[in-house]
Amino acid sequence: MVTESDIEHIAELADIGISKDEVPEFTTQFNAILDYFEVLDTVQGESAPTAGIINVFREDEPRPCLPQEAALANAGSTEDGFIKAPRVM
């Protein structure tokens, strides 16, 4: 069972702003989700079929690729034959 202090700790780790008024509601919802997982653990499922299994994937056959000029034609910015993307950091 998840306690209110667990919810506050999880919210702090995830850097989610949860007010003190919301903690009881989140605790109830979190425990309901965990209870549902316990129900799912009790469901007896059938095993995978063992007969009649075939590979549905096609063979990997090399084909001509797109020329570099065509691949770069719609790029917003290029540099030395590559697509140039904005810096992330």
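In short, a report on the structure. (Residues numbered from 1 in each chain as written. Predicted model: local features only at pLDDT ≥ 70, side-chain atom pairs only at ≥ 80, totals over all residues. Heavy atoms only, no water.)

**Some words on the overall build of the chain**
Scanning the chain from N- to C-terminus turns up three helices and two strands. The N-to-C order of helical and strand elements in the chain reads α-α-α-β-β. Taking 2.2 N^0.38 as the reference for a compact globule, 89 residues should give roughly 12 Å; the C-alpha atoms of the chain span a radius of gyration of 26 Å, well beyond that estimate. Counting only C-alpha atoms, the chain reaches 60 × 50 × 15 Å along its principal axes. The buried share among the 89 residues of the chain stands at 8%. In the structure as shown, the chain presents an accessible area of about 8,700 Å², 57% of it carried by carbon and sulfur atoms. (Helix = DSSP H or I, 4+ residues; strand = E, 2+ residues; numbered from the N terminus. Rg over C-alpha atoms; globule rule 2.2 N^0.38 Å. Buried < 20%, exposed > 50% of the residue type's maximum accessible area, 1.4 Å probe, protein only. Areas by Shrake-Rupley, 256 points an atom, 1.4 Å probe, with all protein chains shown as cover.)

**What about the pattern of salt bridges?**
Tallied over the full model, the rule gives two salt bridges. In this structure, Lys-20 and Glu-8 form a salt bridge, with 3.2 Å as the shortest nitrogen-oxygen distance. Note that Lys-20 is positioned in the loop between helix H1 (4-13) and helix H2 (23-42) and Glu-8 in helix H1, a separation of twelve residues in sequence. (Salt bridge = Lys/Arg side-chain N within 4 Å of Asp/Glu carboxyl O.)

**Concerning the side chain of Thr-27**
As for its position among the elements, Thr-27 is in helix H2. Residues in contact with Thr-27, not counting those within four places in the same chain, are Val-2, Thr-3, Glu-4 and Ile-7. (Contact = heavy atoms within 4.5 Å.)

**Some words on unusual backbone geometry**
Not every positive phi belongs to a glycine, and Asp-15 is a case in point at roughly 55°. Along the chain, Asp-15 falls in the loop between H1 and H2.

**Overview of the environment of Pro-24**
Counting through the fold element by element, Pro-24 comes out in helix H2. As a C-alpha pair, Pro-24 and Glu-79 span 55 residues in sequence and 54 Å in three-dimensional space.

**Details of a nonpolar patch on the surface**
Together, Ile-10, Phe-30, Ile-33, Leu-34, Tyr-36, Phe-37, Val-39, Leu-40 and Val-43 make up an exposed nonpolar region whose accessible area comes to about 820 Å². Considering each element in turn, the nonpolar patch owes the most residues, seven residues, to H2. Mapped onto the elements of the fold, Leu-34 is located in helix H2. (Patch = residues over 30% accessible without salt bridge, like charges linked within 9 Å, V, L, I, M, F, W, Y side chains within 5 Å.)

**Points about the packing of H1 against H2**
As a packed pair, H1 and H2 sit with axes 9 Å apart at the nearest point and diverge in direction by 100°. When the interaxial angle is binned, H1 and H2 end up roughly perpendicular. On the side of H1, the interface is formed by Glu-4, Ile-7, Glu-8 and Ile-10, while H2 contributes Val-23, Pro-24, Phe-26, Thr-27 and Phe-30. The class makeup of the residues in the contact of H1 with H2 is six nonpolar, one polar and two charged. (Axes fitted to C-alpha atoms, helices over the stretch in contact; angles between N-to-C directions. Parallel < 35°, antiparallel > 145°, perpendicular 65-115°, else oblique. Nonpolar A, V, L, I, M, F, W, Y, C, P; charged D, E, K, R; others polar.)

Remember that the coordinates give geometry; whether it matters functionally is a separate question.
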